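What the coordinates show
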Amino acid sequence: MTTIYEPAIHLQQVSFSVKDKAILKSITGSFPKGKITTLVGPSGAGKTTLLKMCNGLLSPTDGLILIDNQTITTYEPTTLRKHVGIALQAAPMIAGTVFDNLALPLTLQGKKLTQQDAIQYLLDVGLDASFLHRATNELSGGQRQKVSIARTLINQSSILLLDEITSALDRQSVQDIEALIVSLNKNYNVTIIWITHNLQQALSIGHYTWVMMDGELIETGESSLLKAPTNPRVAEFIQGVNA
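Given the structure is predicted, the values throughout are model-derived calculations rather than measurements.

**Some points on the overall build of the chain**
- Assigned secondary structure in the chain consists of eight helices and ten strands.
- Based on the C-alpha atoms only, the size of the chain along its principal axes is roughly 50 × 40 × 40 Å.
- Within the chain, buried positions represent 47% of all 243 residues.
- A sequence separation of at least 24 residues applies to 65% of the contacts in the chain between residues at least 6 apart.

Rendered as structure tokens:
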């Protein structure tokens, strides 16, 4: 029997074009609440564009996006981005210390972050208090990603969008970030949507997987579909990646 999950995000015939070039083509599907969905596919498939639409950084040319059954356009932008956090591959930071970066989401809301709370957020992502006043330009790639994720946690986002956040990291840092994301999902019921080029990561971390190609959603289902895809284009893609 197939389990039906409430959607955290639902897309209905979502398309996006730039100067008559179709980037996304009539995407319809749902990301289940409280689950990890991985997005895979070749470069240029439209995955990052789709992710940016899910927290309002881009708006669809056509179609509807619902966040928790509410049309995305009804959210005030700062409310939306507090609810739907995003962490990018580059883990962009403002100049200054780790504390400055952690405090930023609350500063933008006219609030203050206490040092005690900041330390707890660092501990939540596997960093200790000694990082609090360290300059961000002294951090390794893995440490920057952990700070970036901690910064999204401060908003207490119930949905977290991840775009290739481990692609430039060493193996130990990748394992640390994977364990962190699994923990956030399990302990805080955070809905995770994760773009990755690592098919083994998509298979081992994801509950569900979307396969995108040429701006289209080609196949969806439990992440085990990556072991035995039913779509011949997906099978060819996986074979090419694993070759």
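**Considering the packing of helix α5 (residues 141–154) against helix α6 (residues 171–188)**
- Two numbers describe how α5 lies on α6: the axes approach to 10 Å, and their chain directions differ by 15°. Classified by the interaxial angle, the pair formed by α5 and α6 is roughly parallel. Considering how the two elements wind past one another, α5 and α6 form a crossing that is right-handed. For the pair α5 and α6, contact is made by Gly142, Gln145, Lys146, Ile149 and Leu153 and by Ser173, Asp176, Ile177, Leu180, Ile181 and Leu184, respectively.
- Classifying every residue of the contact of α5 with α6 by side-chain character gives six nonpolar, three polar and two charged.

**Some thoughts on the sheet that holds strand β2 (residues 21–32)**
- Strand order in this open sheet of four strands is β2-β1-β4-β5, and the pairing throughout is antiparallel. Every other strand in the sheet has two partners, leaving β2 and β5 (70–71) as the edge strands with one partner each.

**A closer look at the pattern of salt bridges**
- A full pass over the atoms with the stated rule returns five salt bridges.
- A salt bridge links aspartate 176 to lysine 146; the shortest N-O distance between them is 3.4 Å. In this pair, aspartate 176 sits in helix α6 while lysine 146 sits in helix α5, placing the two residues 30 residues apart along the sequence.
- Judged by relative accessible area, aspartate 176 falls into the partly exposed class, the value being 29%.
- What makes lysine 146 buried here is its relative accessible area of 11%.

**Notes on empty space enclosed by the protein**
- Scanning all chains against the criterion turns up one cavity of 30 Å³ or more.
- A volume near 30 Å³ is recorded for the largest cavity.
- Forming the walls of the largest cavity are Thr152, Leu153, Ser157, Leu160, Leu184 and Val190.
- Looking at side-chain class alone, the lining of the largest cavity contains four nonpolar, two polar and no charged residues.

**A short note on the layout of surface pockets**
- The calculated volume of the largest pocket comes to roughly 610 Å³.
- The wall of the largest pocket is formed by 21 residues, among which Asn55, Arg81, Ile86, Leu108 and Asn155 lie closest to the centre.
- Elements represented by at least two residues in the lining of the largest pocket include exactly α2 (77–83), β6 (84–88), α3 (98–107) and α5.
- Broken down by class, the residue content of the lining of the largest pocket amounts to ten nonpolar, eight polar and three charged.

**Brief notes about the environment of arginine 151**
- Here arginine 151 lies in helix α5.
- Assessed through its relative accessible area of 14%, arginine 151 is described here as buried.
- It is 14 Å that separates the C-alpha atoms of arginine 151 and isoleucine 165, two residues lying 14 residues apart in sequence.
- Once residues lying within four places of it in the same chain are set aside, the contact partners of arginine 151 are Pro92, Met93, Asn101, Leu102 and Pro105.
- Side-chain polar atoms of arginine 151 contact the backbone oxygen of proline 92, separated by 2.7 Å.

Calculation criteria
Residues numbered from 1 in each chain as written. Predicted model: local features only at pLDDT ≥ 70, side-chain atom pairs only at ≥ 80, totals over all residues. Heavy atoms only, no water. Helix = DSSP H or I, 4+ residues; strand = E, 2+ residues; numbered from the N terminus. Buried < 20%, exposed > 50% of the residue type's maximum accessible area, 1.4 Å probe, protein only. Contact = heavy atoms within 4.5 Å. Axes fitted to C-alpha atoms, helices over the stretch in contact; angles between N-to-C directions. Parallel < 35°, antiparallel > 145°, perpendicular 65-115°, else oblique. Left-handed = near helix turned anticlockwise from the far one by under 90°. Nonpolar A, V, L, I, M, F, W, Y, C, P; charged D, E, K, R; others polar. Pairing = 2+ DSSP bridges. Salt bridge = Lys/Arg side-chain N within 4 Å of Asp/Glu carboxyl O. 1 Å grid on protein atoms, 1.4 Å probe; cavity = no way out; pocket = protein on both sides within 12 Å on 5 of 7 lines; lining within 4 Å. Points joined across faces, edges and corners; volume = space filled by probe spheres on them. Polar contact = N/O pair within 3.5 Å; in protein donor to acceptor, adjacent residues only side chain to side chain.

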